[in-house]
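# Topology and contacts: notes
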Amino acid sequence: MQIIPLEIIDLQGDGYHLLIDVKLFNQNFKMVVDTGASKTVLDINMLLNSGISKEQILKTDILSSGLGTNSMESFLIDLPEFSIENWKIKNLSVAVLDLNSINKAYEQMGLPTIIGVLGGDILYKYGAQINYKKLSLTLNERQSLNFKKPPLNM
C-alpha cells in the first residue's frame with residue numbers, strides 16, 4: 001500500500017480539486033484526482049507540448065462524454081510507466097482528450113496546469129482511499145485480487 005500526498009486547491013469559492021504529482025515519460029506533472037471520472041484521461045495539448053510525438057497518440061472512433069459535451073473526439077496512448085510518488089503501473093493505456101478548457105480556467109485562477117485526471121478505472125482497481133483530513137490518497141500496490149467489474153445496472 002502506498003500513501004500519496006494530496007494538494008487541495010480552492011476553485012475561488014466554487015469547490016475544491018485534489019491534485020497529485022505524477023511522472024510520465026520522465027517528466028513531472030500535476031493531475032486532478034477525480035472520483036467522478038470513469039477513466040483516467042490525459043490532455044493531448046500537454047502531451048504534444050512536452051515532446052510526445054503525435055504518432056504515439058492513437059485516434060479512436062469513440063466519442064467521449066463529459067466536460068459539457070457527449071461528442072468529444074478521443075484518442076489513446078500507451079504509457080510505458082505511470083508513477084505517482086513511489087507507486088507505479090507499467091504498460092497502461094489511457095484516454096487522451098483535449099482538456100484545454102480546463103487548463104485555461106486554471107490559468108485564469110492562477111492555478112497550475114494539469115496533464116489530466118486520475119479516474120475511477122485506476123481508483124477502483126487499486127482500492128483507492130482518500131483521506132481529506134490527512135490530505136492523502138492510498139493506493140494498493142497491485143490490482144485487487146478480488147477486483148470484479150461492478151454489475152451493469154439494468
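Coordinates for the structure precede this section.
The structure reproduced in this document is the subject of the present report. (Residues numbered from 1 in each chain as written. Predicted model: local features only at pLDDT ≥ 70, side-chain atom pairs only at ≥ 80, totals over all residues. Heavy atoms only, no water.)

### A look at the sheet that holds strand β1 (residues 2–5)
If you trace the 3 strands from one edge of the open sheet to the other, you get β1-β11-β10, paired in antiparallel fashion. Each having just a single partner strand, β1 and β10 (129–131) make up the two edges of the open sheet. Across this sheet, the average inter-strand angle for adjacent strands is 25°, counted without regard to direction. Here β1 runs beside strand β11 (residues 136–139); their pairing, made up of 4 bridges, is antiparallel. Bridge pairing in β11 links I4 to L137. (Pairing = 2+ DSSP bridges. Helix = DSSP H or I, 4+ residues; strand = E, 2+ residues; numbered from the N terminus. Axes fitted to C-alpha atoms, helices over the stretch in contact; angles between N-to-C directions.)

### A few points about the nonpolar core
Formed by 32 residues in total, the largest nonpolar core has its most connected members in I20, F82 and L118. Among the secondary structure elements, those contributing two or more residues to this core are β3 (16–24), β4 (27–33), α1 (44–49), β7 (69–84), β8 (87–97), α3 (120–125) and β11. In this structure, L19, L97, Y106 and L111 belong to the second largest nonpolar core, which totals 13 residues. (Core = buried A, V, L, I, M, F, W, Y, C linked by side-chain atoms within 4.5 Å. Buried < 20%, exposed > 50% of the residue type's maximum accessible area, 1.4 Å probe, protein only.)

The analysis is restricted to geometry; functional conclusions fall outside its scope.
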